[in-house]
Amino acid sequence: MLPSPVNTRGTQAQRKAGSHLRRDISLLGLVATAVAAMVGVGINVLPFMVQRSQPGIGNWVPLAYVVAAVPAVLAAVCYAALVSAMPRAGGSYVTVSRALSPFAGFIASFSQWFGLSMAMGVVAYLLVPVIRDLLSVAGFTGMAGALDHTWPRLAVSLLAIWLAWLLNLLGIRLYELGIVFMAGVTIVAPIIMIVAGLLNSPQIILTKLHSVAAPFAPYVAMPRLSTVTFLGTAVVLFSSFIGFDAVAQAAGEARHSGDLARAIMIAIGAVTGYYVCFTWSVYHSIPADYIYRASLVHDISAPGLMAPLLPTWLSITALASVAVAILKVLPAVMLANSRTLYAFSTDGILPNAFSHLNPRFSTPPYALTVTALAASLCVFGCNLAKDFFLGVDLLVVSMLVNFLLMAGALLMFPRANAELYARITFLKSRRSQVLTACGALLLLGSLLIVEVAGDIFSAAPWYLKSTTTWVLVMITASALFWRFWSKLSARGLDPRAQIFGSLPPE
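Calculation notes
- Residues numbered from 1 in each chain as written.
- Predicted model: local features only at pLDDT ≥ 70, side-chain atom pairs only at ≥ 80, totals over all residues.
- Heavy atoms only, no water.
- Helix = DSSP H or I, 4+ residues; strand = E, 2+ residues; numbered from the N terminus.
- Rg over C-alpha atoms; globule rule 2.2 N^0.38 Å.
- Buried < 20%, exposed > 50% of the residue type's maximum accessible area, 1.4 Å probe, protein only.
- Areas by Shrake-Rupley, 256 points an atom, 1.4 Å probe, with all protein chains shown as cover.
- Lys, Arg positive; Asp, Glu negative; His and termini not counted.
- Charge placed at Lys NZ, Arg CZ, Asp CG, Glu CD.
- Axes fitted to C-alpha atoms, helices over the stretch in contact; angles between N-to-C directions.
- Parallel < 35°, antiparallel > 145°, perpendicular 65-115°, else oblique.
- Contact = heavy atoms within 4.5 Å.
- Nonpolar A, V, L, I, M, F, W, Y, C, P; charged D, E, K, R; others polar.
- Left-handed = near helix turned anticlockwise from the far one by under 90°.
- Polar contact = N/O pair within 3.5 Å; in protein donor to acceptor, adjacent residues only side chain to side chain.
- pLDDT = per-residue confidence, 0-100.
- Disulfide = S-S within 2.5 Å.
- Phe/Tyr/Trp six-rings, centres within 6.5 Å; stacked < 30°, edge-to-face > 60°.
- Lys NZ or Arg CZ within 6 Å of the ring centre and 35° of its normal.
- Salt bridge = Lys/Arg side-chain N within 4 Å of Asp/Glu carboxyl O.
- Expected span 1.5 Å × (residues − 1).
- Arc of directions from axis to C-beta.

### Some points on the overall build of the protein chain
Reasoning step 1: In terms of helices and strands, the protein chain carries 25 helices and zero strands.
Reasoning step 2: Rg of the C-alpha trace for the protein chain: 22 Å, near the compact-globule value of 23 Å for 506 residues, within the 12% margin.
Reasoning step 3: Reported as C-alpha extents along the three principal axes, the dimensions of the protein chain are approximately 75 × 45 × 40 Å.
Reasoning step 4: The buried share among the 506 residues of the protein chain stands at 59%.
Reasoning step 5: For the protein chain, the accessible surface area stands at approximately 19,200 Å², while carbon and sulfur atoms represent 70% of it.
Reasoning step 6: Charge centroids of the protein chain, computed over 30 positive and 17 negative side chains, lie 6 Å from each other.

As structure tokens, then:
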């Protein structure tokens, strides 16, 4: 097979930078990356703010998490199987383009890149209420109040994004040290809050909350639970599991390719158990109607709700731990997203600059910068809309499409590329692969139908609907891909054979 001129350009860009992506991430670092990308806003804010977006869900949040976990685990298994055969930076772009089709791979990964960029903006935006609660409990009420205003909230959110950019820029070893440390700090808050919830009865907790909490809006009766509300909640909470795919995005930097599948399965299993236990503990302790009314006043978080039940020093500790838990999502997702742009560049879809590596740190500065800029734009969007659920909906739609294409890739892999298929080391049984992929397609497709139907029939204007925004972005991305494909075809090249028939260089 002749070397592709596109791949050659990508390789020359790397040589010019004097380096290549370094395989320095251990199994611990990979697991920490997945946990860091998953555990943050998804568990500390969404299970409680969902009372506002899905009124009537009440105490059924833990069960909704169980339902959401099933398709998430199936998607994780599909990821683990595919990445075991194709351990390269770029995740779904590399795997789907080689196992299904080049266009499907591009759409899967661009959808992922767009959704995770929106997620980073949402995470940065929701970090501020936790910092506000931390300052308030610590006695800095003036500073806490300032964070409810536009410009201070924007400044803190943007600072968090660009600190994550800096941590990624300075090298993969520093990144791993930072992410493992932050993942460790994250464990503190759940332990404190779960123990506090179990040691206090709901009656005692409600008395304490009403005696010390800020005044709430007039009493509003919680609507009754409906099937639509329950399924809508499961779709929203499904976004909490998104992040294990960060392992696949960083596959080109894993020390041992066999660690990739192990890291994905360890992370998704541990996080699923934690989500269910944590939300059960909080809702067992604090009445759901209280959380519902609180969510109507302003953005709330688990440590903010639990703070009145704890001594001041423990409240501060828990809030600080949650702030770190949310903050750590940003560098983990930024690592994953920047490697998607890097993979696009090595195949020639994006300019060579995106695969340029810093000669000292072996990190892609331009890919990191564009990713940080996209997340920053989402922060401004959240501020403009005065809410963050549009960003969450965009994330869910984008990642459901990505996961569906990953499941389709596992199903069609032997036909699309038998040579690469033979390299699978995880879930080697073809029968198991087919059952997993079909189950994932069925459940993920059902969630996508629920999400799109709820979006289309919502009262929001068309320009604030996630489906409309996603379609417009994908049309633009498709035009970019077909421009790349047409240029190569016009030169008499066969991109499918010369670029997408084999793995990109290390």
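### A few points about unusual backbone geometry
Reasoning step 1: A positive phi angle, close to 55 degrees, is found at Ser362, a residue other than glycine.
Reasoning step 2: Relative to the assigned elements, Ser362 resides in the loop between α19 (329-347) and α20 (365-385).
Reasoning step 3: Positive phi is not limited to glycine here, since Leu427 has a value of about 55 degrees.
Reasoning step 4: The residue Leu427 is located in the loop between α22 (418-421) and α23 (430-456) in this model.
Reasoning step 5: Since its relative accessible area comes to 23%, Leu427 is described here as partly exposed.

### Some words on the packing of helix α5 (residues 61-85) against helix α15 (residues 258-285)
Reasoning step 1: Contact geometry for α5 and α15: axes closest at 9 Å, N-to-C directions at 175 degrees. When the interaxial angle is binned, α5 and α15 end up roughly antiparallel. Within the contact between the two elements, α5 uses Val61, Pro62, Tyr65, Val66, Ala69, Ala72, Val73, Ala76, Val77, Tyr79, Ala80 and Val83 and α15 uses Leu260, Ala261, Ile264, Met265, Ile268, Thr272, Tyr275, Val276, Thr279, Trp280 and Tyr283.
Reasoning step 2: Looking at side-chain class alone, the contact of α5 with α15 contains 21 nonpolar, two polar and no charged residues.

### Focus on the packing of helix α11 (residues 188-199) against helix α18 (residues 312-327)
Reasoning step 1: Close contact between α11 and α18 brings their axes to 8 Å; oriented N to C, the two are set at 135 degrees. As judged from the angle between their axes, α11 and α18 are oblique. The crossing of α11 and α18 is left-handed. Every residue of α18 that contacts α11 at Val188, Ala189, Ile192 and Met193 is listed here: Leu314, Thr317, Ala318, Ser321 and Val322.
Reasoning step 2: The residue inventory of the contact of α11 with α18, partitioned by class, reads seven nonpolar, two polar and no charged.

### Regarding the side chain of Ser398
Reasoning step 1: Its location among the elements puts Ser398 in helix α21 (residues 389-416).
Reasoning step 2: Classification of Ser398 as buried rests on a relative accessible area of 0%.
Reasoning step 3: Side-chain polar atoms of Ser398 contact the backbone oxygen of Leu394, separated by 2.8 Å.
Reasoning step 4: Aside from chain neighbours lying at most four places away, what touches Ser398 is Ser111, Phe114, Gly115 and Trp470.

### What to know about the confidence of the model for the protein chain
Reasoning step 1: Taken residue by residue, the protein chain gives an average pLDDT of 82. The fraction at 70 or more is 90%.
Reasoning step 2: Averaged pLDDT values over the elements of the protein chain bottom out at 41 in helix α1 (residues 5-17) and peak at 93 in helix α9 (residues 150-169).
Reasoning step 3: Residue range residues 1-18 is modelled with pLDDT below 50. Its contacts to residues more than four positions away, or to other chains, number 37 contacts.

### So, the state of the cysteines
Reasoning step 1: In total, this model carries zero disulfides according to the counting rule given.
Reasoning step 2: Residue Cys78 stays outside any disulfide, its sulfur separated by 9.6 Å from that of Cys438, the closest cysteine.

### Notes on the packing of aromatic side chains
Reasoning step 1: Scanning the model with the defined rule gives 22 aromatic pairs in all.
Reasoning step 2: Centroid distance Tyr65 to Phe241: 6.0 Å. Interplanar angle 80 degrees. Geometry classified as edge-to-face. Pair noted here: Tyr65 is in helix α5 and Phe241 is in the loop between α13 (227-238) and α14 (246-249), with a separation of 176 residues, a long-range link.
Reasoning step 3: Ring geometry for Phe106 and Phe344: centres 5.0 Å apart, planes at 45 degrees, overall tilted. Here Phe106 is found in helix α7 (residues 102-137), whereas its partner Phe344 is found in helix α19, with 238 residues between them in sequence. Neither Phe106 nor Phe344 differs from the other in exposure class; each is buried.
Reasoning step 4: Here a set of aromatic residues connected by ring pairs shows up, and it is made of Tyr93, Phe103, Phe106, Phe110, Trp113, Phe344, Phe481, Trp482, Phe484 and Trp485.
Reasoning step 5: When the ring centre of Tyr125 is taken as origin, the NZ or CZ atom of Arg153, which lies over that ring, is 3.7 Å away.

### Some details on the pattern of salt bridges
Reasoning step 1: The tally for this structure, following the rule as stated, stands at three salt bridges.
Reasoning step 2: Note that Asp133 is salt-bridged to Arg132, the shortest N-O span being 3.2 Å.
Reasoning step 3: With a closest N to O distance of 3.1 Å, Arg132 and Asp148 form a salt bridge. With Arg132 in helix α7 and Asp148 in the loop between α8 (141-146) and α9, the pair connects residues that are 16 residues apart, well separated along the chain.
Reasoning step 4: A relative accessible area of 7% places Arg132 in the buried class.
Reasoning step 5: Assessed through its relative accessible area of 49%, Asp148 is described here as partly exposed.

### Brief notes about the environment of Ala34
Reasoning step 1: Looking at the element boundaries, Ala34 is found in helix α2 (residues 27-38).
Reasoning step 2: Along the primary structure Ala34 and Ala332 are separated by 298 residues, whereas in three dimensions their C-alpha atoms are 7.5 Å apart.

### Thoughts on α11
Reasoning step 1: Across its twelve residues, α11 extends 17 Å between first and last C-alpha, which sits within 8% of the 16 Å expected from 1.5 Å per residue.
Reasoning step 2: Every buried residue of α11 is accounted for by Ala189, Pro190, Ile192, Met193, Ala196 and Gly197. End-on view of α11: buried residues confined to an arc of 165 degrees, all on one side of the axis. In α11, the exposed positions angled more than 90 degrees off the buried face are occupied by Ile191 and Leu199.

### Here's the deal with the environment of Leu395
Reasoning step 1: Turning to its location among the elements, Leu395 is positioned in helix α21.
Reasoning step 2: For Leu395, a relative accessible area of 8% translates into the label buried.
Reasoning step 3: As a C-alpha pair, Leu395 and Asp24 span 371 residues in sequence and 29 Å in three-dimensional space.
Reasoning step 4: Not counting residues up to four positions away in its chain, the partners in contact with Leu395 are Gly115, Leu116, Ala119, Ser239 and Ile242.

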